[in-house]
Each structure stands twice: as C-alpha cells, then as structure tokens.
Amino acid sequence: MRTYESDVCIIGGGISAAMLAQKLAELRPSLTITVVEAGRKLLDLENRMQYRQRSIDYAENPWPGDFIEDQAAKGGISRTMAVGGSALHWGGTCNRFSEEDLRLKSMYGLATDWPLEWKELEKFYCEAERRLGVSGEPSPLPEDRRSEPYPMPAMVMTHNLKELKTWAEKSGIPFWSTPQAKNTRPYDGRAECIRCNTCSICPTGARYSPDFTFKRLMERRSFKLHDQTLIRKLILDDGKPTVAAAEAVNRERPDEALEYRAPVFVLASGYCWSPHLLLLSQCSRFPGGLANRSGLVGRYMCGHAFLSAMIEIDAKIFPGMNEQHGLISRQFFRSRPGQPFIRHDLRVWESASGHEPRLRGPGGRILLGDSLLADWRQRAQRGTARVRGYYDVHPDRNSALTLDDTARNRWGDAMPKIEHKLDAPTQSRQHLTRDHFQKLFQTLAKSDNGKILSTGAGSYLDHPAGGCRMGRDAASSVTDSFGQTHDHENLFVVGSPTLPNAGCTNGTLTFVALTLRSAERIAARFRGAV
C-alpha cells in the first residue's frame, strides 16, 4: 500500500478546499498540505475559448470530463466532480445572508440558531469577497450595512438591465445589481470581464474559479494536489477516537491501494459527498458512521425553494447583453413582526423568450439582412422580465442523505440518495407564501402594461447545503461553529454541509466565509509552524 503523509489532508477539490488551502498556506507557510480530489484537473484556461465556441456551435458540455460516470447521487442537482467543483461553472453570484438566518429560533421561534454571531460572520464575508474578487454595489438597506466596501465597483448595467430596473422600481420595491465574483477591473492577476455572456465557461478568467487558486498553490513545494483519487473510507486510530488515515484508490490505477495520513483531516467535499464519506466510514465503534453519535450525519439536508414568473412589459430589451447579470432586492429578507413568516430575495433578469432573432418570419418567409433586423426590432418593442424569489424553507430532521444499496460504484461503495423534507411549520405556511408571491408578481406587472405570461414553482431545493450541521450541543449537531466534529477532535467539515439552514439567497459566499473562519481554528493547532 502506498502511503502519503502531510500535516493537513483536505478531501475534496472545490471552492471550499481552495480557500482553506490558500489561507492555511498563508497562516502557516511551512505546513504540508495535500488536497485529494476524485475528479480530474481542468487547469486549462488557454483552451476555454475553444470550449466556449464548441458549446455555442454544437451545444457541447463546455467542461469535458467534469464528472465521474459511476459517482452520482439520486436527488443531487449537480454531477460535477473535478478540481474546482461546481464553482468551475457557477454564475459567480455572491449574495450575503442576513442576521435573521443565524437567529431564526430566537427571533421567530423557528428552526434553530447558528452557534456564532452575525458580527463575526460579517468579518469573514469581507475576507471572502476580497479573496474571490467580488464586484458590487452595497445594499441601501441599513440592516445590510457593511464594515468594508466591495473590492471592486459593480459591473456597469447594460441597457437591458437599466430598462428592467426602471420598470421594477415602479412597484415601490428598491432593486440594485447583484454582486458577482467577476472583475470589473484587472484583479488578482485575472482579466477584466468583457461580458461575453457565457459565464458558465468564462474564457478570459474574469470570473473567479478555484483552478486559479490551485495553480498558484501548486507552485509551493509544501502543497500537493492529487486528482482522480477517490477517498473511500476514513480509518480511526486503534486507541483513540481520532482519524488516523484515509483509504483511497486512484481511478487510473484502480488495483493499487492508497493511504493518506495526517494529524488533521478536513472534509471539503460539499453537501453531498462529505456526509456520504462519513456514513461510508462506519466501524464497530461508530456503527452509524463517523462523527455520528448524534445520529445527524446526513440529516437536516437543506436548500431554498423558489417561485418564478415571466412578465412581458413595454420595454425595448435586446437579448444577449450579459444575461446572467441581474437585479436583486433584499427588502423581503426581514419578516415583519405580527405577519406570517415569509422571507425571500427578489431577482430580475432579462429573458430572450419570444424575442430572439429568427431566420424565418410568419408563414415561413426567409429573413436575411435588413429584413431580419426589421423583424427583430419589431418584436423587441416589448420585452420579457424573468422574475424569481428564493424563499426561506426549513428542513425536517428526516430531510436526509442516506446510503443507497441499489446503486454502487465500481468498487462496491453505496452511492448517496438525497430526499428533502420540509419541517411542519414550513409546510403549514406554503399556501401563504404562494399567495404572497402571486400578489407580488401582480404588483410588478401593473407597470408598463405588464402581462404575466407564466408562473411556476421549483421542483427542487436550490443552492443545497446541510448534512453535517453545526451547533453548540453535540447531541443536536455534528460540528461546532468552526466545523470541528464533536466526536473526533482532528476531523473537520467545512463549507456547505455545516449550514443548519440555507437562507433565502445564493449560498456560495457564505460557504467560503465559514471555511475561512475554520482555517483560523485549524491553523491554531500548528502554532509552532512558521
């Protein structure tokens, strides 16, 4: 068996792993750090313009080889497994949560409180924005006050977004542009965004993705990145409840057993694969899986629900102008006292629905040149707004990730199955939430001769998290506020799995902020290292 040793072994190669490794290397430069990722390295910025073009021309996956065929979760919303993780192709949206997310129990008598204070988390939000390179305009709401400005000014709004903002604010609701991890000037060695409208495969590097961080870390002798290596099980020390080793297999050399040893192990594999590995690591002392004396590993899986509308309005909107950059209102982040509990963000994007240029007109007449432009201009006299609200829902204990014995990978490991279940209070107020949104969509549609074309509810929970939730009490949580597991003092879980609830807006910035906070606790274990 080949054995690899380091001071810190990080399992998973996504955005949380990248941020953790980067900060640990800064705080303790002599630490040896190994990151182990089941997927491939895709460190090829020079090829991304070609990938982008092939995606446009042939609808190909712009990230070839970014998944593993026999590593899939039932109920998961992404199959990406590669160095960089889902943040290879994320949109870059970097919204913050609000203080209410951390104090649901004490403020509203719902769900649970987080084991840390908002002021503490806000400090790490600022650091996360600096490291990712976030451009944005601050919220005008006093509850959203910031201790530091955004690292870069907000992206200039397109003609389309200005039209949509003018329309949306006639409702009396304030909107501003969504903060994004996209450069509005050269930043951290990466280019300025040129708004090429293919954010899922950024060909210039203007949108942050973890491969940039890993490339820099790989220049350090004390850092190693092992890709195509699947950690199958964590092994406890014979005499202590600490993790001694991680058993692994390399996908290119499947017959060779591998072992990783370190004083500290960190799970940074996301909401799905981190609890999955803990459950796979069951042993005689922990028959329900490691870190699972509470029975809550894989429990309280969370995300937020959403409701959407397509609204046609009197506005000249020309599709294709940086469609992923949208508007947000945080006005509804605070549930009013004495009113039914409803918390949500409110988002507006341009939509090309019904307004794309076309080569055939009515009756099949071929359109070229001036006739094509005239037809397009005529149909662009009205535009379409895509409106969505992500709303706060809370998980039941039985909102769970379990091992599915009917689905196994080539080594016989049971794959995860995720089944979300909302708690009783959330279910009881669903009809009130739907009524609230219908009235909200109707209010927006009153302006500019608006017409609601369609409405719909999401069939899944977006921006998922949970499965190793943090808390002060070991009986009702898996980790503390730093991600240190209650049962194993040298085992940490970072990022999305530790969230008790998923808020009502995108979670990536929160995952990163919590990870950066965890890095300081992990670094403190190596005070002698310089």
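Use the structure listed above.
All of these numbers come straight from a predicted model, not from anything done at the bench. (Residues numbered from 1 in each chain as written. Predicted model: local features only at pLDDT ≥ 70, side-chain atom pairs only at ≥ 80, totals over all residues. Heavy atoms only, no water.)

Attention now moves to the packing of aromatic side chains. Inspection of the entire model under this criterion finds 9 aromatic pairs. Between Phe 306 and Tyr 460 the ring centres are 5.3 Å apart and the planes differ by 70 degrees, which places this aromatic pair in the edge-to-face class. One end of the pair, Phe 306, is in strand S10 (residues 302–313); the other, Tyr 460, is in the loop between strand S16 (451–457) and strand S17 (462–465), with 154 residues separating them in the sequence. What makes Phe 306 buried here is its relative accessible area of 6%. Of the residues examined, Tyr 460 reaches a relative accessible area of 36% and is grouped as partly exposed. Judged by centre distance (5.9 Å) and plane angle (45 degrees), the rings of Tyr 391 and Phe 437 are tilted. You can see Tyr 391 sitting in strand S13 (residues 383–391) and its partner Phe 437 sitting in helix H11 (residues 430–445), a full 46 residues away along the chain. Pair check on accessibility: Tyr 391 and Phe 437 agree, each one buried. Site record: aromatic cluster; members linked through ring pairs are Phe 306, Tyr 390 and Tyr 460. (Phe/Tyr/Trp six-rings, centres within 6.5 Å; stacked < 30°, edge-to-face > 60°. Helix = DSSP H or I, 4+ residues; strand = E, 2+ residues; numbered from the N terminus. Buried < 20%, exposed > 50% of the residue type's maximum accessible area, 1.4 Å probe, protein only.)

Now for the pairing of strand S12 (residues 346–351). With respect to burial, S12 is a largely interior element, 6 of its 6 residues being buried. Note that strand S11 (residues 327–329) and S12 share 3 bridges and pair antiparallel. Its bridge partner being in S12, Ile 328 is matched across the sheet by Arg 347. Looking at chain direction, S12 and S13 are connected through 5 bridges and run antiparallel. Among the inter-strand pairings, Val 348 is bridged to a residue of S13, identified as Val 387. (Pairing = 2+ DSSP bridges.)

Right, let's talk about the pattern of salt bridges for a bit. Summed over the entire model, instances satisfying the criterion amount to 37 salt bridges. Across the salt bridge formed by Arg 96 and Glu 122, the nearest N and O atoms sit 2.8 Å from each other. Highlighted residues: Arg 96 in the loop between helix H2 (48–58) and helix H3 (99–102) and Glu 122 in helix H5 (residues 118–132), separated in sequence by 26 residues. On the basis of relative accessible area, Arg 96 is assigned to the buried category, the value being 7%. Since its relative accessible area comes to 8%, Glu 122 is described here as buried. Linking Glu 312 and Arg 382 is a salt bridge whose minimum nitrogen-to-oxygen distance equals 3.2 Å. Of this pair, Glu 312 sits in strand S10 while Arg 382 sits in the loop between helix H9 (369–379) and S13, and the two are 70 residues apart along the sequence. (Salt bridge = Lys/Arg side-chain N within 4 Å of Asp/Glu carboxyl O.)

Ile 10, Trp 114, Leu 121, Leu 132, Phe 214 and Val 266 are the most contacted members of the largest nonpolar core, which has 56 residues in total. The residues contacting Leu 132, other than those within four sequence positions of it, are Ile 15, Met 19, Trp 90, Cys 94, Ala 181, Arg 190, Tyr 208, Leu 509 and Val 512. (Core = buried A, V, L, I, M, F, W, Y, C linked by side-chain atoms within 4.5 Å. Contact = heavy atoms within 4.5 Å.)

Right, let's get into the sheet that holds strand S3 (residues 33–36). Read across the sheet, 5 strands follow the order S5-S3-S2-S9-S18 without closing on themselves; strand pairing throughout is parallel. Looking at strand neighbours, the two that pair on one side only are strand S5 (223–226) and strand S18 (491–493), the edges of this open sheet. Within this sheet the neighbouring strands show an average axis-to-axis angle of 15 degrees, counted without direction. Here strand S2 (residues 8–11) runs beside strand S9 (residues 264–267); their pairing, made up of 4 bridges, is parallel. Bridge pairing in S9 links Cys 9 to Phe 265. (Axes fitted to C-alpha atoms, helices over the stretch in contact; angles between N-to-C directions.)

The next subject is the environment of Leu 132. Considering the arrangement of structural elements, one finds Leu 132 in helix H5. Residue classification places Leu 132 among the buried positions, given a relative accessible area of 0%. Each C-alpha atom of the pair Leu 132 and Ser 351 lies 28 Å from the other, and the pair is 219 residues apart in sequence.

Another point: the sheet that holds strand S8 (residues 253–261). Across the sheet, which stays open at both edges, the 4 strands sit in the order S1-S8-S7-S6 with mixed pairing between neighbours. Looking along the sheet, the strands with just one partner apiece sit at the ends: strand S1 (2–5) and strand S6 (229–236). Here the average twist between neighbouring strands, direction ignored, is 25 degrees.

Attention now moves to empty space enclosed by the protein. Following the criterion strictly, the structure yields 5 cavities of 30 Å³ or more and no others. One number sums up the size of the largest cavity: a volume of about 110 Å³. Along the lines of polarity and charge, the residues of the lining of the largest cavity split into 5 nonpolar, 2 polar and 5 charged. Taken as a whole, the second largest cavity holds about 90 Å³ of empty space. Lining the second largest cavity are 13 residues, with Cys 193, Arg 195, Cys 196, Cys 199 and Cys 202 positioned closest to its centre. Grouping the constituent residues of the lining of the second largest cavity by class yields 6 nonpolar, 4 polar and 3 charged. (1 Å grid on protein atoms, 1.4 Å probe; cavity = no way out; pocket = protein on both sides within 12 Å on 5 of 7 lines; lining within 4 Å. Points joined across faces, edges and corners; volume = space filled by probe spheres on them. Nonpolar A, V, L, I, M, F, W, Y, C, P; charged D, E, K, R; others polar.)

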